[in-house]
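Fold and geometry: a report
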Amino acid sequence: MLILLLYSIRVFSIAAIICIFLVLPVNYYGQEMTHKLIPSESLHVFSIENVKENSKWLCAHCIALYVISCSACVLLYFEYSSISRMRLIHITGSVMNPSHFTVLVRSIPWSAEESYSETVRKFFTNYHAAGYLSHQMIYRSGTIHKLMDDAEKMYNSLKENSVEMQCQTKIKGCCFCAGPTNSFAILPRVKDKGAYGGIDLVGAEKECSAAFVFFKTRYAALMAAKVLQSANPMSWATDLAPEPRDVYWSNLSIPYRQLWIRKIGTLVAATAFMLVFLLPVTLVQSMTQLEELQRKFPFLRSVLEKKYMSQLVTGYLPSVILVLFLYLVPPTMMSFSAMEGSISRSGRKKSACLKVLYFTIWNVFFVNVFTGSILRALNVFFSVKDLPAQFGRAVPAQASFFLTYVLSSGWASLAIEVMQVFPLTCNLFRRCILRIKDEPIHETLSFPYHTEVPRILLFGFLGFTCSILAPLITPFLLVYFFLAYLVYKNQILNVYISKYESGGQFWPVAHNTTIFALVLAQIIALGVFGLKESPVASGFTIPLIIGTLLFHEYCRQRFLPIFRNTAAELLIEMDRKDEQSGRMEKIYEELRKAYCQFTLLANRHSSKPGCLSKQESENDTESGKPGKPPMKVLELWTAPTHLDEPEPSQK
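These figures come from a predicted structure and were not determined experimentally.

Reading the values: rules and limits
- Residues numbered from 1 in each chain as written.
- Predicted model: local features only at pLDDT ≥ 70, side-chain atom pairs only at ≥ 80, totals over all residues.
- Heavy atoms only, no water.
- Helix = DSSP H or I, 4+ residues; strand = E, 2+ residues; numbered from the N terminus.
- Expected span 1.5 Å × (residues − 1).
- Buried < 20%, exposed > 50% of the residue type's maximum accessible area, 1.4 Å probe, protein only.
- Polar contact = N/O pair within 3.5 Å; in protein donor to acceptor, adjacent residues only side chain to side chain.
- Contact = heavy atoms within 4.5 Å.
- Pairing = 2+ DSSP bridges.
- pLDDT = per-residue confidence, 0-100.
- Core = buried A, V, L, I, M, F, W, Y, C linked by side-chain atoms within 4.5 Å.
- Domains from an automatic or database assignment.
- Axes fitted to C-alpha atoms, helices over the stretch in contact; angles between N-to-C directions.
- Patch = residues over 30% accessible without salt bridge, like charges linked within 9 Å, V, L, I, M, F, W, Y side chains within 5 Å.
- Areas by Shrake-Rupley, 256 points an atom, 1.4 Å probe, with all protein chains shown as cover.
- Salt bridge = Lys/Arg side-chain N within 4 Å of Asp/Glu carboxyl O.
- Arc of directions from axis to C-beta.

This paragraph deals with helix 16 (residues 421-433). Within an α-helix, residues lying three or four positions from one another point in the same direction, as the helix has 3.6 residues per turn. Its 13 residues place the ends of helix 16 17 Å apart at the C-alpha level, agreeing with the 18 Å of an ideal helix rising 1.5 Å per residue. Of the residues flanking the end of helix 16, it is Arg435, one or two places downstream, whose phi is positive at about 60°.

For the rest of this paragraph, the subject is the side chain of Thr360. Tracing the backbone shows Thr360 in helix 12 (residues 345-369). What makes Thr360 buried here is its relative accessible area of 9%. Engagement of the side chain of Thr360 in a polar contact is seen with the backbone oxygen of Leu357, the distance being 3.0 Å. Setting aside residues no more than four positions away along its own chain, Thr360 makes contact with Phe365 and Leu458.

Strand 5 (residues 207-215) sits mainly inside the fold: seven of its nine residues count as buried. By the bridge criterion, five bridges tie strand 1 (residues 102-106) to strand 5 in an arrangement that is antiparallel. Counterpart to Arg106 in the pairing with strand 5 is Ala210. Here strand 2 (residues 132-139) runs beside strand 5; their pairing, made up of six bridges, is antiparallel. Counted as the bridge partner of Tyr132 is Phe215 from strand 5.

So, on to the confidence of the model for the chain. Residues with a pLDDT of 70 or more make up 70% of the chain, whose mean pLDDT is 77. Note on residues 163-204: pLDDT is under 50 here. Beyond four places in sequence and across chains, it has 56 contacts. Scored below 50 in pLDDT, residues 615-651 shows 125 contacts in the model against residues more than four places distant or in partner chains.

By size, the foremost hydrophobic cluster in this structure holds 99 residues, and its most contacted members are Phe365, Tyr405 and Phe481. There are two domains that each give this core at least three residues, and those are domain 1 (1-32 + 42-96 + 344-566) and domain 3 (257-342). Of all hydrophobic cores here, the second largest spans 18 residues; its members include Ile108, Phe124, Tyr139 and Ala224.

Moving on, we get to the sheet that holds strand 1. Sheets are built from strands that pair by backbone hydrogen bonding, the pairs being arranged parallel or antiparallel. Within the open sheet, the four strands sit side by side as 2-5-1-6. Their pairing is antiparallel. Looking along the sheet, the strands with just one partner apiece sit at the ends: strand 2 and strand 6 (237-240). Each strand axis lies, on average, 25° off the axis of its neighbour in the sheet, ignoring direction. In this structure, strand 1 lies alongside strand 6, joined through four bridges in antiparallel fashion.

Let's shift gears to a nonpolar patch on the surface. Side chains of Leu324, Tyr327, Ile416, Val418, Met419 and Val421 sit close together on the surface and give an oily, nonpolar patch of about 550 Å² of accessible area. With three residues, the top contributor of residues to the nonpolar patch is helix 15 (residues 399-419). Secondary-structure assignment places Val421 in helix 16. When its relative accessible area of 33% is taken as the criterion, Val421 is described as partly exposed.

Our next topic: helix 23 (residues 584-594). Among the residues of helix 23, those classed as buried are Met584, Ile587, Tyr588, Leu591 and Ala594. Viewed end-on, helix 23 has its buried residues packed into an arc of 120°, placing them on one side of the element. Pointing more than 90 degrees away from the buried face of helix 23 are the exposed residues Glu585 and Lys586. Summarising the contacts, the buried residues of helix 23 are in contact with strand 1, strand 2, strand 5, helix 5 (218-226) and helix 22 (568-581).

Residue Asn54 is not a glycine yet carries a positive backbone phi of 60°. Residue position: Asn54 is located in the loop between helix 1 (2-28) and helix 2 (58-93). Taking relative accessible area as the criterion, Asn54 reaches 55% and is therefore assigned exposed. In this structure, Ser107 takes a positive phi of about 60° despite not being glycine. Inspection of the secondary structure puts Ser107 in the loop between strand 1 and helix 3 (116-127).

See below:
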């Protein structure tokens, strides 16, 4: 996140300098006219629309386009190279990472003679005898564990209200019988079913056709995850397991054969939502056309003729309404991504990030550029031959709207982020209306990548596409990125708590979006140069488009595989070092306790390292606050012994 902001600051510092000192004077003096005072000039005078046709000064725009594109590509290369090195350091530095030894197996074949656990043991003992260590079955969440989770919540809530913060005998009578009571007496640490009323808590749950399989070496786990395990690709499907704190447990029980249907369904739903959203966007854009408003609402003519009212209605108000509508998008896309069946929380957020990014670029840029009916916005892309000319006419006309959008959405979003308006409102409602003085146990402190990353990429997209067309947008974007760096650095250090490491998985998204913005900016410039009848500038733009695409393909071949796969060379070296240092036995011991689907401890900081409750893993919550050490809580009961066994079927 911070690297993306630093990259944006560097690129748009160059863009602001070249646009303000080279492009802006050319636009301002592009026509022979009498100029007013600069504050009284309209934005049209500062855009490329003010340059007359067949002007030799259009070469200045072409030079600025070359400088911005080359600077962006050079900085992209260095950032991609730096992040790739950091990713390799992250992999080699996480020696005790259980996900390196673990493979998620789904679509386990059902057998009437034996359980899923026994089927997994026989299969991997037979075909992966040299590397197989043990396995942990995945269970469907049932009524028993829901009751246990509710009891854990109640215990934590009442524990927070305790003065002593521990279980002590109280002299105060019970509110029902007025007799003495023992508050929350600790249950004995027993290991048999009798302690739970004769119920086998995990055995009572139904096994899923999925399991975590542990291997003796990282290389063995990698080979098992990448190799097709069966002649039927829909059986014994394997993937590298996410980190224990990154597992999205509720999706692991989804049948593997349903995943492709879910992905198609969510794609259709997201596309339908995107098309339905065209209605408010079209309504918002109709407000930017003053003549249309006066024609459709003649009773407002006297009001709209006032200068400050026309600027308010056609400039600021449409972008504010659009921003309010866009607040519905991230939670909707997050729901769609959860329904897709992602096995990790980071994968769910990355999927939601992509959906929000595509949605905002489509609705904020393309639909606003091609204002009018929905069919008009869609028909533009069917005439590929006239696409540069269409962009050349439409984008400069909407430059003022994009400038206002940066101010209303960008700068205002930073203020909202600092103030934390939604949590602040909820806190005030809880304290002033509900009269609840204690802080809630669960607080959302996970960084919202799916909302902030698309917003930053959208502003970068607008900056690249409008820099030479409306150069006034670049200093405002530069100020936004600088303020965003300060705000998000403070939030990451002092507000949000990272529960898992993404390993730089969001950078390929940023790289692809930047390349797309550069190519689109070059195509728009090609259309503008064609409309302005400048064959020299148009001729020099075509090689720039080809060079940008070749650069993107080189980066895709050079760096992208590092983010998709893990090098066997690194894993083998790590295995050898662990064997020589004697750390393997300790790692195997940690593997037994790493992936625990159900925790039976009242303390959310369990004595089992890495053992998380299903609810804690699914919610973006943290049990502590920045700067506060976790509280020590007494154990309420102890987990059954078969949760600690590497092979549940072998008793």
